[in-house]
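Summary of structural features
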Amino acid sequence: MTSLDALHPLLPSPLDEAADDRLARHGVRLLLKRDDLIHPELIGNKWRKLAPNLDAAAGRPIVTFGGAYSNHLRATAAAGRLVGVPTIGVVRGEELAGRPLNPSLARCAADGMRLHFVDRSTYRRKTDPDILAAVLDAVDAREACVVPEGGSNAAAVRGCVALGAELRGRADVVALACGTGGTLAGLAAGLGPGQRAVGVPVLKGGFLLDDIRALQERAFGGPRGDWLLDDRFHFGGYARVPPALDAFADDFEDRHGLPVERLYVAKMLYGLLTLTEEGAFPKGTTLAAVITGRPFPE
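Cut-off values and rules
- Residues numbered from 1 in each chain as written.
- Predicted model: local features only at pLDDT ≥ 70, side-chain atom pairs only at ≥ 80, totals over all residues.
- Heavy atoms only, no water.
- Axes fitted to C-alpha atoms, helices over the stretch in contact; angles between N-to-C directions.
- Helix = DSSP H or I, 4+ residues; strand = E, 2+ residues; numbered from the N terminus.
- Parallel < 35°, antiparallel > 145°, perpendicular 65-115°, else oblique.
- Left-handed = near helix turned anticlockwise from the far one by under 90°.
- Contact = heavy atoms within 4.5 Å.
- Nonpolar A, V, L, I, M, F, W, Y, C, P; charged D, E, K, R; others polar.
- Pairing = 2+ DSSP bridges.
- Polar contact = N/O pair within 3.5 Å; in protein donor to acceptor, adjacent residues only side chain to side chain.
- 1 Å grid on protein atoms, 1.4 Å probe; cavity = no way out; pocket = protein on both sides within 12 Å on 5 of 7 lines; lining within 4 Å.
- Points joined across faces, edges and corners; volume = space filled by probe spheres on them.
- Buried < 20%, exposed > 50% of the residue type's maximum accessible area, 1.4 Å probe, protein only.
- Arc of directions from axis to C-beta.
- Core = buried A, V, L, I, M, F, W, Y, C linked by side-chain atoms within 4.5 Å.
- Phe/Tyr/Trp six-rings, centres within 6.5 Å; stacked < 30°, edge-to-face > 60°.

**Let's talk about the packing of helix α3 (residues 71–83) against helix α4 (residues 103–110)**
Interaxial distance between α3 and α4 falls to 8 Å at its minimum, and their mutual angle equals 20°. Judged on the interaxial angle alone, α4 and α3 are roughly parallel. At the point where α3 passes α4, the crossing takes the left-handed sense. In contact with Leu-73, Arg-74 and Ala-77 of α3, α4 contributes Ser-104, Leu-105, Arg-107 and Cys-108. Its residues placed into classes, the contact of α3 with α4 shows four nonpolar, one polar and two charged.

So, in structure tokens, the structure goes:
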């Protein structure tokens, strides 16, 4: 049992059918894997990735990294509060230190996370051993458990295998939005024969393919599962929500009564609909869309 298990997560998360005529006309069935319902404060892939890292921390403080609107920082801060583990967030952007906190960082601080702002050059080199040591010295946390940006490390990847296992035999194709790729790396490993995972990166740059391969190498010693990425649906990059995407998300909410998180989930759902209309899925295909989060209240 992990330290988070005492919080009674809803696992396995529900798998609900979403009747959608836009897919049905192509003979495609849509299921929603409701990881957003796992826990009121630690939702979706954040639970699955943080639970093994909290175990590894064994009560030590956790130091982790993120931008000013990082879902991962918020989730880590909430987890620390819920289980009584100190958390320190290293935030990209030294210029933010003298400004009022945005709602996302304010939530981190309210949950007890100590925020440490670094310049962008330092942040880019945060995995360099000397830079990391200097950061740990600066926050007086030399013995802390270090969790990477987005929470994606070998432990987190292995934690996400359960997501794939919960979907074995339930869908032909499983789709999810990708930030750092850890969830997809574990999900693909947990799926059964004949199943495929499709990742929709929400950042542009085309770097995730190698990152996911490296994560699977560290977690399992080599590649696992059948997976692919479609880089076309980032809508300009992280945190970019143009009017067309916002309108799509509003329409999906009206059709299915599901609050659609814009930065990740909306892009994945838009991608799935586009792929269906392009004929990417044969008639009779069952799709499962992993709902990894819900809208953050401003």
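Read on, since the account is not over.
**Quick look at the sheet that holds strand β2 (residues 29–33)**
Spatially, the six strands line up as an open sheet ordered β1-β2-β10-β7-β8-β9, and their pairing is mixed. Across the chains shown, the open sheet's two edge strands, defined by having one partner strand only, are β1 (15–17) and β9 (227–229). The sheet shows a mean angle of 25° between the axes of neighbouring strands, direction not considered. As paired strands, β1 and β2 are joined by three bridges and run antiparallel to one another. Residue Leu-15 lies in a different strand from β2, and its bridge partner there is Lys-33. Across the sheet, helix α9 (residues 182–190) is in contact with β7 (173–178), β8 (196–201) and β9; its angle to β7 comes to roughly 165°. Helix α10 (residues 208–220) rests against β7, β8 and β9 of the sheet, and its axis sits at about 150° to β9.

**Some words on the side chain of Glu-261**
Take Glu-261: it is sitting in the loop between α11 (243–256) and α12 (265–277). A polar side-chain atom of Glu-261 sits 3.0 Å from the main-chain amide nitrogen of Leu-263. Excluding residues within four positions of it along the chain, Glu-261 makes contact with Asn-71, Ala-266, Gly-293, Arg-294 and Pro-295.

**A look at empty space enclosed by the protein**
Remark: the empty space left among the atoms is shown by a probe the size of a water molecule rolled over them. Following the criterion strictly, the structure yields one cavity of 30 Å³ or more and no others. Approximately 60 Å³ is the volume found for the largest cavity. Taken together, the elements giving at least two residues each to the lining of the largest cavity come down to α1 (21–24), α11 and α12. In terms of residue count, α12 provides more of the lining of the largest cavity than any other element does, three residues in total. Tallied by class, the residues present in the lining of the largest cavity amount to seven nonpolar, no polar and two charged.

**So, α4**
Those residues of α4 lying buried are Ser-104, Leu-105 and Cys-108. Buried residues along α4 cover an arc of 90° about the axis, so they all sit on one side. Of the residues that open α4, the one with a side-chain oxygen 2.9 Å from the backbone nitrogen of Ser-104 is Asn-102. Backbone geometry just after α4 places Gly-112 at a positive phi near 95°.

**Things to note about the packing of α11 against α12**
Taken N-terminus to C-terminus, the directions of α11 and α12 make an angle of 85°; their axes are 10 Å apart at the nearest point. Comparing the axis directions of α11 and α12 gives the class roughly perpendicular. Across the interface between the two elements, Leu-245, Phe-248, Ala-249 and Phe-252 of α11 pack against Ala-266, Lys-267, Leu-269, Tyr-270 and Leu-273 of α12. Among the residues making up the contact of α11 with α12, the classes are represented as eight nonpolar, no polar and one charged.

**Topic: the nonpolar core**
In terms of nonpolar packing, the biggest core is built from 31 residues, with Leu-30 and Met-268 touching the most fellow members. Broken down by secondary-structure element, the contributors of at least two residues to this core are β2, β7, β8, α11, α12 and β10 (286–290). The leading source of residues in this core is α12, at seven residues. With sequence-adjacent residues up to four places away left out, Leu-30 is seen in contact with Asp-16, Glu-17, Ala-18, Leu-23, Phe-252, Leu-272, Leu-287 and Ala-289. Grouped together as the second largest cluster of nonpolar side chains are 24 residues, Leu-31, Leu-163, Ala-171 and Cys-178 included.

**Observations concerning the packing of aromatic side chains**
The geometry of two aromatic rings is summed up by the distance between their centres and the angle between their planes. With the rule as written, the count across this model stands at six aromatic pairs. Their ring planes at 80° and their centres at 5.0 Å tell us that Phe-235 and Tyr-270 sit as a pair that is edge-to-face. Residue Phe-235 is located in the loop between β9 and α11, and its partner Tyr-270 is located in helix α12; the two are separated by 35 residues in the primary sequence. Members of the aromatic cluster, connected to one another through ring pairs, are Phe-233, Phe-235, Phe-248, Phe-252 and Tyr-270.

Limitation: the analysis is restricted to geometry and does not speak to function.
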